[in-house]
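Secondary and tertiary structure notes
Here is how the chains run, residue by residue.
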Amino acid sequence: MAGSTTAPPRTMRWEGDIHGALRLIDQTKLPETEEYIECSTVDEVWDAIKKLKVRGAPAIGVAAAYGVVLGAQTALRDDRFRFDNRISEICEYLATSRPTAVNLFWALDRMRKVTSDCSDFPPTEMAERLLEEARAIEHEDREMCAAIGRHGAELLPTDGGVMTHCNAGGLATAGDGTALSVIFAAVTSGKPIHVYANETRPLLQGSRLTAWELMKRDVPCTLICDNMAGQVMKEGRIKAVVTGADRIAANGDAANKIGTYSVAVLAKQHDIPFYIAAPSSTFDMSLSTGDEIPIEERQSDEITMGFGKRTAPEQVNTYNPAFDVTPASLIEALITEKGIIRPVNEEEIRRVLEL
Ligand SMILES: CSC[C@H]1O[C@H](OP(=O)(O)O)[C@H](O)[C@@H]1O
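What counts and how
Residues numbered from 1 in each chain as written. Predicted model: local features only at pLDDT ≥ 70, side-chain atom pairs only at ≥ 80, totals over all residues. Heavy atoms only, no water. UniProt positions renumbered as here; feature names shortened; annotations may be inferred. Helix = DSSP H or I, 4+ residues; strand = E, 2+ residues; numbered from the N terminus. Expected span 1.5 Å × (residues − 1). Buried < 20%, exposed > 50% of the residue type's maximum accessible area, 1.4 Å probe, protein only. Contact = heavy atoms within 4.5 Å. Pairing = 2+ DSSP bridges. Axes fitted to C-alpha atoms, helices over the stretch in contact; angles between N-to-C directions. Nonpolar A, V, L, I, M, F, W, Y, C, P; charged D, E, K, R; others polar. Near = heavy atom within 4 Å. Polar contact = N/O pair within 3.5 Å; in protein donor to acceptor, adjacent residues only side chain to side chain. Areas by Shrake-Rupley, 256 points an atom, 1.4 Å probe, with all protein chains shown as cover.

An unreviewed UniProt entry lists the chain under the name Methylthioribose-1-phosphate isomerase, with Stratiformator vulcanicus as the source organism. Taken from UniProt, the Sequence similarities (unreviewed entry) comment for the chain reads in full: "Belongs to the EIF-2B alpha/beta/delta subunits family. MtnA subfamily." The annotation that UniProt attaches to the chain under Catalytic activity (unreviewed entry) is "5-(methylsulfanyl)-alpha-D-ribose 1-phosphate = 5-(methylsulfanyl)-D-ribulose 1-phosphate".

Our next topic: helix α4 (residues 102-117). Under the 1.5 Å per step criterion, the end-to-end length of α4 is 22 Å for 16 residues, consistent within 8% with the ideal 22 Å. Burial in α4 covers these residues: Val 102, Asn 103, Leu 104, Ala 107, Leu 108, Arg 110, Met 111, Val 114 and Thr 115. As for α4, its buried residues are in contact with α2 (57-76), α3 (83-94), α5 (123-153), β8 (247-249) and β11 (283-284).

The subject of this paragraph is the pairing of strand β15 (residues 333-336). Going residue by residue along β15, you find Ala 333 and Ile 335 tucked away on one face and Leu 334 and Thr 336 tucked away on the opposite face as well. When β15 meets strand β16 (residues 339-341), the two strands line up antiparallel, connected through three bridges. For Thr 336, the partnering residue across the bridge sits in β16 and is Gly 339. What sits between β15 and β16 in their antiparallel hairpin is a turn of two residues.

On to helix α6 (residues 179-188), then. Residue pairs spaced three or four apart in an α-helix point in one direction, given the helix's 3.6 residues per turn. Where burial is concerned, most of α6 is hidden: eight out of the ten residues are buried. Those residues of α6 that sit buried are Ala 179, Leu 180, Ser 181, Val 182, Ile 183, Phe 184, Ala 186 and Val 187. Taken from the residues just after α6, Gly 190 is the one with a positive phi, measuring 105°.

Our focus in this paragraph is the packing of α3 against α5. Axis separation between α3 and α5 bottoms out at 10 Å; the angle between their running directions is 35°. Across the interface between the two elements, Phe 83, Asp 84 and Ile 87 from α3 touch Pro 123, Met 126, Ala 127 and Leu 130 from α5. Among the residues forming the contact of α3 with α5, the class breakdown is six nonpolar, no polar and one charged.

All right, on to the site of the ligand then. In the vicinity of the ligand there are 18 residues, among which Gly 56, Arg 98, Asp 246, Asn 256 and Lys 257 approach most closely. Contact distances for the ligand include 3.0 Å between an oxygen atom and a side-chain N or O atom of Gln 205. One of the side-chain N or O atoms of Asp 246 is found 2.5 Å from an oxygen atom in the ligand. Coverage of the ligand by the protein chains reaches 100% of its 410 Å² of free accessible surface.

Structure follows, in structure tokens:
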């Protein structure tokens, strides 16, 4: 039966005590090589997030939390400044690594709260509490992934293909993923899921990462170019679409990898349910609609230098938004660790997430 139980390698692991380091799989090297890097400074974590060595909304949050711990190590060695002020500066610095995934800011807020809750603790004790909080964020994310899988599996069809876009798998989280956790749970429950993975230009998270994860888990997968999504739906191959998200506004509008909005429009056209799987840490209730979600724009060579080969004239103008926003009206349901949100609106979001 498809769906082996062997999970792919963990996205990241903190090794050691408060003086330890963060070990990450370098996702820019996949699928050719499974290479691990060790981050021993906050700058190395910032760089890993910026360059997508670690990526995916929940994974970015977990990595940033451990980045704060690495910064705390340096702060402990320099008593010229108040330790809690240094931690606050470190959080501000990590917050500049990428703008869209709200999990980054959610995790940093939790780390800042440790310093305010433990303001009368000596720096060494505060540093220990910071490591405990980072570990808790990682553990909770793993639990959230499993719960998302349990809730979402029942929504997937017992026949036909399931399309996904980008990578919302184990590599994007500290657990089995969000969208892929739903797929893995459905396969484990015995559903004959066949995944159509969109390659997801320009950085190919779908072909490089999602296809890699699915094949590791023996889940049947067909890789397609992004511009094939409509034809594949028109041929009747797709019975559902499920993706991840990087930030969901209070009304349910959801930011996800560029191209997700197009897939949602195509799904609507073909009367295919479009689901988004995301933990509660991806919801930003301070934003009333998706119009307010900051969209990251990335450098030109991600488009013109397709992984080392020039694919466009050197000075050509480019536009490279890394995300787009799918309106709540196109989303059949949001799949969270606390349950299914349907219809997708602020009242239902607040009811299910108990906000
Ligand atoms: C589980 S959320 C993953 C989410 O993050 C990805 O973006 P990036 O690879 O740029 O970090 C993409 O939007 C995924 O859906």
